[in-house]
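Given next are the chains, with one letter for each unit.
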Amino acid sequence: NPDSSTLESIALIDRFIADMKQDILDRANASQSGVDQSFQNLVNCKLNLTVETRENLSTLSSMHRECSAEESQLATSYATCNGNCDSRCATAKASCGLYCPVNIPQPMPGSPVPSPTPSPTSCWYDTSQVKDDNAVGLYHEWEANQYYQKWEDNFQALYDEWKTKRDTCKDRVDELSSCWTNCASVHANAYERKKQECTEHQYDLETAACFGASRSCYAYQSCHASLVNIYLGDVASANASQSVWYDEYRGIMRVECLLDAFNASVLSGASLTSALDACQASTFQPCTAVPSLCLQIYPLPGTEQCNTTSTNGSVQPGSAEWIQTHYSNMPGKTTYEACGAQCCVGGPPTTPTTATSTPLVPFSNCSLCCSSTDDWCVR
């Protein structure tokens, strides 16, 4: 049996080998942790808009939405004004409908017919007074002055009717013209100014998205390139360290084999020679014995695609997702304009985006002319 001194030496050697193995494991774990951390940093490098950009886009989107609500109110007021004018048009048409039939040449009245009707041979004057210059004929009501007065009265009545109906029609036309002028000068102009303002808000929103995407792209490219270099450097350093501790641990495994052979021969009388020969012939694989001794190396993550005008890491202006996000459920009588920024889907427009033009005077088929000579009427 081995003496106490031998047993103490064996125990001391075992503790020493255990410490060496733990030191190698600690170094392996530290290298793996370094690789894991640098890879996680690389994975966390995402193509995302900054918080500042997101907040700015949210503010600009709200401003565009609020402007559109005001535009909707002005469009409604404009439409109401036009509706009132259309009602006035109906009234004017009714008035001018009375004027137009009398604004044409009227037939001459027939010659007055005396009563009783004289016979062809009867005399128009009393024969007893025929020599009297002041004689009054049997048909004195047909004397010249009275005859012409009847004609004058007839035409005066026609003229009075024509003038009254013409003046009434013209008054209605003037009221209608004033109505449309008011719609144009007050409501249409205010509506157009607000619409252009909303278009400018939309352009600011889309331009901010382009700028934010561009800045995020630059930040991502810089971040990704830097972290790739760090990760590859950590991997290279860890691989170099692994080569060292791998050989160290393999040597320890061989020493352990030899010590186990020696201990077995001392403690149990086993053959030392054959055990030593077996140790010499063995191939030791540290990673098989302790998997944590072999590093886990991760493949480089794919690079997200972006450029200075658009990115797949954010919603691109002009895309279906962008329209759904910012322009869905627009207020009544409003819409969004074509995307006008540089990073729009399909590229920027060839001309600057402007609000759709609204005619100052609305189109109307309210024609109140009786003839081409009525230059005062509304066509």
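Remember, predicted model here, so these are calculated numbers, not experimental data.

Student: I tried to follow empty space enclosed by the protein on my own but got confused; where do I start?
Tutor: Space left empty within the atom packing is revealed by a probe, the size of a water molecule, rolled over the atoms. Tallied over the entire structure, the rule returns 1 cavity of 30 Å³ or more. By volume, the largest cavity amounts to about 40 Å³. For the largest cavity, the full set of lining residues is H64, E71, K195, C198, T199, Q202, T335, Y336 and E337. For the lining of the largest cavity, the secondary structure elements donating two or more residues are α2 (51-99) and α3 (144-268). For the lining of the largest cavity, the element with the most residues is α3, which contributes 4 residues. Here the lining of the largest cavity is composed, by residue class, of 2 nonpolar, 4 polar and 3 charged.

Student: Would you mind going over the pattern of salt bridges with me for this structure?
Tutor: Between side chains of opposite charge, pairing is possible as soon as their charged atoms come close. Under the definition given, this model contains 14 salt bridges. Put simply, E175 and R88 hold a salt bridge, and the shortest N to O gap is 3.9 Å. Of this pair, E175 sits in helix α3 while R88 sits in helix α2, and the two are 87 residues apart along the sequence. A salt bridge links E197 to K194; the nearest nitrogen and oxygen atoms lie 3.1 Å apart. Of this pair, E197 and K194 both sit in helix α3, 3 residues apart, which is roughly one turn of the helix. Overall, the relative accessible area of 14% leaves K194 in the buried class. One continuous salt-bridge network, built from bridges that share partners, spans D23, R27 and E248.

Parameters at a glance
Residues numbered from 1 in each chain as written. Predicted model: local features only at pLDDT ≥ 70, side-chain atom pairs only at ≥ 80, totals over all residues. Heavy atoms only, no water. 1 Å grid on protein atoms, 1.4 Å probe; cavity = no way out; pocket = protein on both sides within 12 Å on 5 of 7 lines; lining within 4 Å. Points joined across faces, edges and corners; volume = space filled by probe spheres on them. Helix = DSSP H or I, 4+ residues; strand = E, 2+ residues; numbered from the N terminus. Nonpolar A, V, L, I, M, F, W, Y, C, P; charged D, E, K, R; others polar. Salt bridge = Lys/Arg side-chain N within 4 Å of Asp/Glu carboxyl O. Buried < 20%, exposed > 50% of the residue type's maximum accessible area, 1.4 Å probe, protein only.

Purely geometric numbers; function is a separate question.
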